[in-house]
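Observations on the three-dimensional arrangement
As a plain string of letters, each chain reads:
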Amino acid sequence: MCEPQTGRPTFCQSPLPNDAVIEPWADNCCTCHCGLSMLSLMLTDIRDAATDASHRVPSIHPHQEGYHAVMVRRGGGPNRLLTEKDDSRGKLEAVAEAIRAIGGTATAMFADGTAPAAIAELVSTTERDIGPIHFVNYNVGGQIGNRSLEKTSYRAFEMAWRMGSLGAFSIAKEVSPHMAARGCGTIIFTSATAAYRGNAGQHAHAAAMAARKSLSQSIAAELNPKGIHICHVNVDATINAPETVLLMMKRFDPTFEDRFHKDLAEDKLVQPTAVASTYFHLHTQPKSTWTLDLDLRPWSTRAWFNN
């Protein structure tokens, strides 16, 4: 059980790099995993901190559980797939306002997910100005599309590593001392099938995601005894995110939009609210049954190891 804390504990979701590699897939990398296209989500706990989170009922509305949502994304910078017309900053601000409109509390923040100094400032600002961070979801991807070994530049490979592994390492390094001091916390690393299987043309992405999976294991070995739950989650399917994954994919595949809407009608897409509910359940798991590695996919999607 966490000791009583002052301030407003936080739920945090992470940002994208400000100097993303020129290759188009590298801009909004987290879009494959999150409908809000965020690098990280942090929950700061604004309820009575003496309450043991492990016994609370899972909910897809964290604000009803007394949490303040801190949603973070890149928001700007050169070489982006999304243009200023897409208004990624304005859209995230609108999400925060929508949460506030239904009685919750939320803050939109913007940072570079590949810059350790930016992540350190993000954590410090949140802890100081909003509240103790109880939950972090690191959600930056590292997908740059299919590229042969010859056409995978060193810059692209390094950027995928920065998004896939360095950023994940940085958020864990910066937030874990705060969580350890309180004796509780959850860090979830959203991942992809590439963490388990390297396909042709996926050199940078496979290396980045495999590193994230192994990193989550080593971090769990160190932080679990300190009361911090670490979980690596593979989202092995398309997410129902029309303003992110659909917007991006249809630029490369004209037939994708028709398939997207057909799959949506047949309940074959991952629903963001269902992922949120799953993540909140992971956050509230008793210490006796912590999950370390998890696969999420719709009923119609064959598991990567069977396909």
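The following refers to the structure shown. None of these values were measured; they are calculated from a predicted model.

About the thresholds
Residues numbered from 1 in each chain as written. Predicted model: local features only at pLDDT ≥ 70, side-chain atom pairs only at ≥ 80, totals over all residues. Heavy atoms only, no water. Helix = DSSP H or I, 4+ residues; strand = E, 2+ residues; numbered from the N terminus. Buried < 20%, exposed > 50% of the residue type's maximum accessible area, 1.4 Å probe, protein only. Contact = heavy atoms within 4.5 Å. Areas by Shrake-Rupley, 256 points an atom, 1.4 Å probe, with all protein chains shown as cover. Salt bridge = Lys/Arg side-chain N within 4 Å of Asp/Glu carboxyl O. Expected span 1.5 Å × (residues − 1). Phe/Tyr/Trp six-rings, centres within 6.5 Å; stacked < 30°, edge-to-face > 60°. Core = buried A, V, L, I, M, F, W, Y, C linked by side-chain atoms within 4.5 Å. Axes fitted to C-alpha atoms, helices over the stretch in contact; angles between N-to-C directions. Parallel < 35°, antiparallel > 145°, perpendicular 65-115°, else oblique. Left-handed = near helix turned anticlockwise from the far one by under 90°. Nonpolar A, V, L, I, M, F, W, Y, C, P; charged D, E, K, R; others polar.

Points about the overall build of the chain
- For the chain, the helix and strand inventory stands at seven helices and eight strands.
- Per-residue burial over the chain gives 54% buried out of 307 residues.
- In the chain, the proportion of contacts linking residues at least 24 apart, taken out of those at least 6 apart, comes to 78%.
- On the chain, roughly 13100 Å² of surface is accessible, and the fraction owed to carbon and sulfur atoms is 56%.

Observations regarding the pattern of salt bridges
- All told, the structure shown has nine salt bridges when counted by the stated rule.
- E266 serves as the salt-bridge partner of K268, at 2.8 Å between the closest nitrogen and oxygen.
- The exposure class assigned to K268 is partly exposed, which follows from its relative accessible area of 25%.
- When salt bridges that share partners are traced, they join D236, D295 and R297 into one network.

A short note on helix 4 (residues 203-223)
- With 21 residues, helix 4 should cover 30 Å at 1.5 Å per step; its first-to-last C-alpha distance of 30 Å lies within 8% of that length.
- Turning to helix 4, its buried residues number three or more, namely A204, H205, A206, A208, M209, R212, K213, L215, S216, I219, A220 and L223.
- Packed against the buried residues of helix 4 are strand 5 (133-138), helix 3 (154-182), strand 6 (185-191) and strand 7 (228-235).

Thoughts on the packing of aromatic side chains
- Within the structure shown, the criterion is met by five aromatic pairs.
- Measuring from ring centre to ring centre gives 5.8 Å for Y67 and F280, while their planes differ by 85°; the resulting arrangement is edge-to-face. Here Y67, found in strand 3 (residues 67-73), pairs with F280, found in helix 7 (residues 272-283); they are 213 residues apart in sequence, far enough to count as distant. Considered together, Y67 and F280 belong to a single accessibility category, that of buried residues.
- Taken together, the ring pairs connect Y196, W304 and F305 into an aromatic cluster.

Observations regarding the nonpolar core
- Ranked by size, the top nonpolar core spans 21 residues in total, and within it I171, V175, M179, I187, F189, I219 and I230 carry the most contacts.
- When residues of this core are traced back to their parent elements, those giving at least two are helix 2 (116-129), strand 5, helix 3, strand 6, helix 4 and strand 7.
- Counting residues per element, this core draws most heavily on helix 3, which supplies seven residues.
- Ignoring anything within four residues of it in the chain, the contact list for F189 reads Y138, A168, I171, A172, R212, S216, I219, I230, C231, H232 and V233.
- Counting residues in each nonpolar core, the second largest holds 18 residues, with V233, A237, A241 and L282 among its members.

Quick look at the environment of L246
- By secondary structure assignment, the location of L246 is in helix 5 (residues 242-249).
- When its relative accessible area of 5% is taken as the criterion, L246 is described as buried.
- Beyond its immediate sequence surroundings of up to four residues, L246 is in contact with A241, F256, E257, F260 and H261.

Topic: the packing of helix 3 against helix 4
- Taken N-terminus to C-terminus, the directions of helix 3 and helix 4 make an angle of 15°; their axes are 7 Å apart at the nearest point. When the axes of helix 3 and helix 4 are compared, the pair comes out roughly parallel. Note on packing geometry: the crossing formed by helix 3 with helix 4 is right-handed. On helix 4, the residues that touch A156, F157, A160, W161, M163, G164, S165, A168, F169, A172 and S176 of helix 3 are H203, A204, A207, A208, M209, A211, R212, L215, I219 and L223.
- A per-class count over the contact of helix 3 with helix 4 returns 16 nonpolar, four polar and one charged.

What to know about unusual backbone geometry
- Phi is positive for D267, which is not a glycine, with a value near 60°.
- Relative to the assigned elements, D267 resides in the loop between helix 6 (256-265) and helix 7.

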